[in-house]
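Spelled out, the chains give:
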Amino acid sequence: MEFRQLEYFMAVCEELHFTKAAEKMGISQPNLSLSIKALEEKIGMPLFDRIGKRIELTDAGFILKKHAGMVMQNLSNAVKEMEDLHRQNGGNLSVGALPSELDYRLTPMFIRFFQQYPKIRLKIISEVDLTGLVLSSEVDIGIAVKPLFDPRLVVRPLTREEYGIVVSKDHELLTRAESISLADLQTLPIVTYPKGLWGREFIDSWCRQHGFNLNVVVETSSNPSLFRFVKANIGVGIVANSLLASLDSLDLQFLPIRDYPPVREMSIIYRSDKYLNHAARAFIHFAEEQLKEQ
């Protein structure tokens, strides 16, 4: 069984279409089909069911896909480890982060990291589905809300963050109290994210657990936009206390929720079977030092 045959096989697994897989691999469709046929003859079983123009993996195909994926990952790890040895303190690093975190808290941390490790080529991706990005190897590391257990992931806890509300500094709530109750929150006009975004679903789920719905007056997917509405006293926002440092420059004020505030756990996540190069290890150490202090 040749490595090139496994590459062709995995391409067909991903596309479930011979012509698209051939285009992806830069070969002709007949040559790809001949390679897969030779692989099936060597194994003695079909790897794909051809159903008209559609194809599906057979049981043998599923088994080979699982083990071929491990072979590909191990080879990738070996190449990256050797590149790491050659580069010493350099290397490439891709990190995924939540859009709301990247807007405020994390960008200054990324700047400090790059200043300390200027030889590392850094790529930052803003995305909600960070678990998906990590599992698909589109990023090396994710800074994400703690995911559900998955044996393919390493999860390193960072911070446990409580939510509160953010108001303008001339809001009348600031003259009455230093925190608010659940009863207060139910009557306030809210500026928040649209339904379907993680931040909105997280808050809505917490509200349902406590038997009420938010009085949402404005929905916006942009944090800068959300804070401008808050500053104009259109409504109040519900945010994590980690944004406190950013709010000073925005002329806004954070008020904690004093009874049963929503809490999220932030973590560093990466694939358990993926080699971590010097850049990735340095970043994990740096991020844990920076974020666990907050």
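Data block above holds the structure.
Remember, it's a predicted structure, so these values are computed and weren't measured experimentally.

**Q** Which residues make up the packing of aromatic side chains, and what values do they have?
**A** All chains considered together, the criterion is met by nine aromatic pairs. Arranged with centres 5.2 Å apart and planes meeting at 90 degrees, the rings of F113 and F283 form a pair that is edge-to-face. Remark: F283 occurs in helix α11 (residues 278-292) and F113 occurs in helix α5 (residues 99-116); sequence separation between them is 170 residues. Side by side, F113 and F283 carry an identical accessibility label, which is buried.

**Q** Any details on unusual backbone geometry? Residues and values, ideally.
**A** With phi around 65 degrees, N233 is a residue other than glycine that occupies positive phi space. The exposure class of N233 is partly exposed, given its relative accessible area of 38%. The backbone of Y260 sits at a positive phi, close to 55 degrees, despite the residue not being glycine. With relative accessibility at 60%, the residue Y260 sits in the exposed group.

**Q** Can you lay out helix α2 (residues 18-25) for me, pointing to particular residues and giving the numbers?
**A** Residues spaced three or four apart along an α-helix face the same direction, because each turn holds 3.6 residues. Of the residues making up α2, those classed as buried are F18, A21 and A22. Here the buried residues of α2 occupy an arc of 100 degrees about the axis, which is enough to place them on one side. Among the structural elements, α1 (3-15), α3 (29-43), β1 (48-51) and β2 (54-57) are those in contact with the buried residues of α2. Immediately downstream of α2, the backbone of G26 shows phi near 75 degrees, a positive value.

**Q** Can you explain the environment of N77? Please cite residues and give values.
**A** Within the secondary structure layout, N77 lies in helix α4 (residues 59-87). Each C-alpha atom, one on N77 and one on Y260, is 45 Å from the other, the two residues being 183 residues apart in sequence. Ignoring anything within four residues of it in the chain, the contact list for N77 reads D273, K274 and Y275.

**Q** So what about the packing of α1 against α3? Which residues, and what values?
**A** Two quantities define a packed helix pair, namely the angle between the axes and the distance from one axis to the other. Where α1 contacts α3, the axes come no closer than 10 Å and their chain directions differ by 110 degrees. As far as their axial angle goes, α3 and α1 are roughly perpendicular. Together, Q5, Y8, F9 and V12 of α1 and L32, S35, I36, A38, L39 and K42 of α3 make up the contact between the two elements. Among the residues making up the contact of α1 with α3, the classes are represented as seven nonpolar, two polar and one charged.

**Q** Can you explain helix α8 (residues 198-209)? Please cite residues and give values.
**A** Compared with the 16 Å implied by 1.5 Å per residue over 12 residues, the 17 Å span of α8 between its first and last C-alpha is a close match. Residues of α8 that are buried include every one of G199, R200, F202, I203, D204, W206 and C207, and no others. Where α8 terminates, the next one or two residues include G211, which has phi positive at roughly 80 degrees.

**Q** Break down the environment of E219 for me, with residues and values.
**A** Inspection of the secondary structure puts E219 in strand β8 (residues 215-219). Excluding anything up to four places from it in sequence, E219 contacts T192, Y193, P194, K195 and R200.

**Q** Would you mind going over the pairing of strand β7 (residues 189-192) in detail, with residue names and values included?
**A** For a regular strand, the rule is simple: side chains alternate between the two faces of the sheet. Direction of pairing for β7 relative to β8: parallel, over a ladder of four bridges. Of the residues in β8, the one forming a bridge with I190 is V216. Note that the unit made of β7, α8 and β8 has a crossover that is right-handed.

**Q** Describe the nonpolar core, with residues and values.
**A** Residues L93, L106, M109, F110, I141, I143 and F283 are the most contacted members of the largest nonpolar core, which totals 34 residues. When residues of this core are traced back to their parent elements, those giving at least two are β3 (91-97), α5, α6 (130-135), β5 (141-145), β6 (153-168), β11 (263-271) and α11. It is α11 that provides the largest number of residues to this core, a total of eight residues.

**Q** Report on the pairing of β1, specifying residues and quantitative values.
**A** The sheet contact formed by β1 and β2 spans four bridges and is antiparallel. Across the sheet, R50 pairs through a bridge with I55, a residue of β2. Here β1 hands over to β2 after two residues, with G52 in that stretch at a positive phi of 65 degrees.

**Q** Tell me about a nonpolar patch on the surface, and please be specific about residues and values.
**A** A cluster of nonpolar side chains, contributed by F3, V71, L75, V79 and M82, occupies part of the molecular surface with about 410 Å² of accessible area. At four residues, the largest contribution of residues to the nonpolar patch is made by α4. Given a relative accessible area of 33%, F3 falls into the partly exposed group.

Conventions used here
Residues numbered from 1 in each chain as written. Predicted model: local features only at pLDDT ≥ 70, side-chain atom pairs only at ≥ 80, totals over all residues. Heavy atoms only, no water. Phe/Tyr/Trp six-rings, centres within 6.5 Å; stacked < 30°, edge-to-face > 60°. Helix = DSSP H or I, 4+ residues; strand = E, 2+ residues; numbered from the N terminus. Buried < 20%, exposed > 50% of the residue type's maximum accessible area, 1.4 Å probe, protein only. Arc of directions from axis to C-beta. Contact = heavy atoms within 4.5 Å. Axes fitted to C-alpha atoms, helices over the stretch in contact; angles between N-to-C directions. Parallel < 35°, antiparallel > 145°, perpendicular 65-115°, else oblique. Nonpolar A, V, L, I, M, F, W, Y, C, P; charged D, E, K, R; others polar. Expected span 1.5 Å × (residues − 1). Pairing = 2+ DSSP bridges. Right-handed = clockwise from strand over helix to strand, strands pointing away. Core = buried A, V, L, I, M, F, W, Y, C linked by side-chain atoms within 4.5 Å. Patch = residues over 30% accessible without salt bridge, like charges linked within 9 Å, V, L, I, M, F, W, Y side chains within 5 Å. Areas by Shrake-Rupley, 256 points an atom, 1.4 Å probe, with all protein chains shown as cover. Salt bridge = Lys/Arg side-chain N within 4 Å of Asp/Glu carboxyl O.

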